[in-house]
Amino acid sequence: MSENTCRYLVLEHRRVLALTGEDRVSFLQGLVSNDVTKASTERALWTAFLSPQGKYLHDFFLIDSGERLLFAPEAERAEDSGHGAHDHHMAALLDLPETPGAARPWGGGLAFMDPRLADMGGLAFLPLENLEETLAGAGFSPGAQQDYDARRVALGLPDGSRDLEVDKTLLLEAGFDELKGIDWKKGCYMGQELTARTKYRGLVKRRLLPVTYEGGAPEEGAAITQSDKEVGRVRSVAGGRALAELRLSALEKLEEAPITAGEVPLAPALPGWLHLPKTEKA
């Protein structure tokens, strides 16, 4: 297969849902972290539902078809409907600008660049009917889940509750600020108060970030230790890297005290988009 071949993957762990009605935008606006009024057929968003205490519940991509708001939560925690496709050559293939969230109608649905990072490629919300024919006709070939995960993990991008702890993770711990998953000017929404206080008081104590490892791969969910103290947990593992939920204080001590998951040595591999705050010893 040529390196320039465009590949797609049906994201079976996500389902596309639709929200209709005249009040759909104002209704969702008071519930999620991003500004729903900015979604359109030309722009997709990444956003999240939070608990009243500001803890992560769901995250999803969101786009406005003009008549419906379409969003894709995790399938195991949502009703069934629809599919998505993904490929990192999608911008050129579908004449989309390489800008996060850039979108346009396509294939009876909507295609858009990943709203977090254009380097992650593109996605599409498409009808199930003739899905494979639509993609094949556009020049896509089937891809593999492990390739999708390897790219995502290397870029430091979370995949729902696989990487984020429900009713525990704070959005700023998972890159929602840098990755444009929060709109700080939109006004009130559920969990907004704690999210704002965490940012402006510099209360972030841990981050989700990529790590490399030596030897065998660490187990997902394994404890990360430093000097016999637990400082984090392994999340997704793919393509020779892993996502690690890691206390920032552990990063200050790496030279004299390395981190491991079991017997597996780990080393942070910070992506360019990630900006760490000044750390405090925990």
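Draft legend 1. Seen up close, the pairing of strand β3 (residues 45–50). Counting buried residues along β3, five of its six residues qualify, which places the element largely inside the surrounding structure. Judged from the six bridges that link them, β3 and strand β4 (residues 56–64) form a sheet pairing that is antiparallel. Along β4, the bridge assignment pairs F49 with H58. Hairpin connection of β3 to β4: five residues between the antiparallel strands, including G54 at a positive phi of 80°.

Draft legend 2. Fine view of the sheet that holds strand β5 (residues 69–71). Pairing in this open sheet of four strands is antiparallel, and the strands run β2-β5-β4-β3 from one edge to the other. Where the open sheet ends on each side, the last strands, each with one partner, are β2 (17–19) and β3. Strand after strand, the sheet turns through a mean of 35° between neighbouring axes, direction not considered. Note: β2 against β5, three bridges, orientation antiparallel.

Draft legend 3. Region of the structure containing the pattern of salt bridges. Under the definition given, this model contains 19 salt bridges. Notably, a salt bridge pairs D177 with K199, separated by 2.8 Å at the nearest N-O pair. Here the residue D177 occupies a position in the loop between α4 (145–155) and α5 (192–200), and K199 occupies one in helix α5, the gap between them amounting to 22 residues. Here the salt bridges share partners, and the residues they tie into one network are E165, K168, E173, R206, R235 and E245.

Draft legend 4. Examining the nonpolar core more closely. Core analysis: the biggest nonpolar cluster contains 54 residues, and I63, F112, F125, F176, I224, L246 and L266 have the highest contact counts within it. Apart from residues lying up to four places away in sequence, F176 is in contact with W46, T47, A48, D59, L164, L171, G181 and I182. Counting 17 residues, the second-largest nonpolar core is a separate cluster that includes A91, W106, A111 and L131.

Draft legend 5. Representation of unusual backbone geometry in the model. Here the phi dihedral of K180 falls at roughly 65°; this positive angle occurs in a residue that is not glycine. Not every positive phi belongs to a glycine, and D228 is a case in point at roughly 65°. Counting through the fold element by element, D228 comes out in the loop between β12 (223–226) and β13 (229–238).

Draft legend 6. Layout of the environment of V234. If you trace the backbone, V234 turns up in strand β13. With 11 residues separating them in the primary sequence, V234 and E245 have C-alpha atoms 6.4 Å apart. Discounting residues that sit within four places of it in the chain, V234 has contacts with P218, E219, E220, G221, A222, I224, A242, L243 and A261.

The rules behind these values
- Residues numbered from 1 in each chain as written.
- Predicted model: local features only at pLDDT ≥ 70, side-chain atom pairs only at ≥ 80, totals over all residues.
- Heavy atoms only, no water.
- Buried < 20%, exposed > 50% of the residue type's maximum accessible area, 1.4 Å probe, protein only.
- Helix = DSSP H or I, 4+ residues; strand = E, 2+ residues; numbered from the N terminus.
- Pairing = 2+ DSSP bridges.
- Axes fitted to C-alpha atoms, helices over the stretch in contact; angles between N-to-C directions.
- Salt bridge = Lys/Arg side-chain N within 4 Å of Asp/Glu carboxyl O.
- Core = buried A, V, L, I, M, F, W, Y, C linked by side-chain atoms within 4.5 Å.
- Contact = heavy atoms within 4.5 Å.

None of this, on its own, says anything about what the molecule does.
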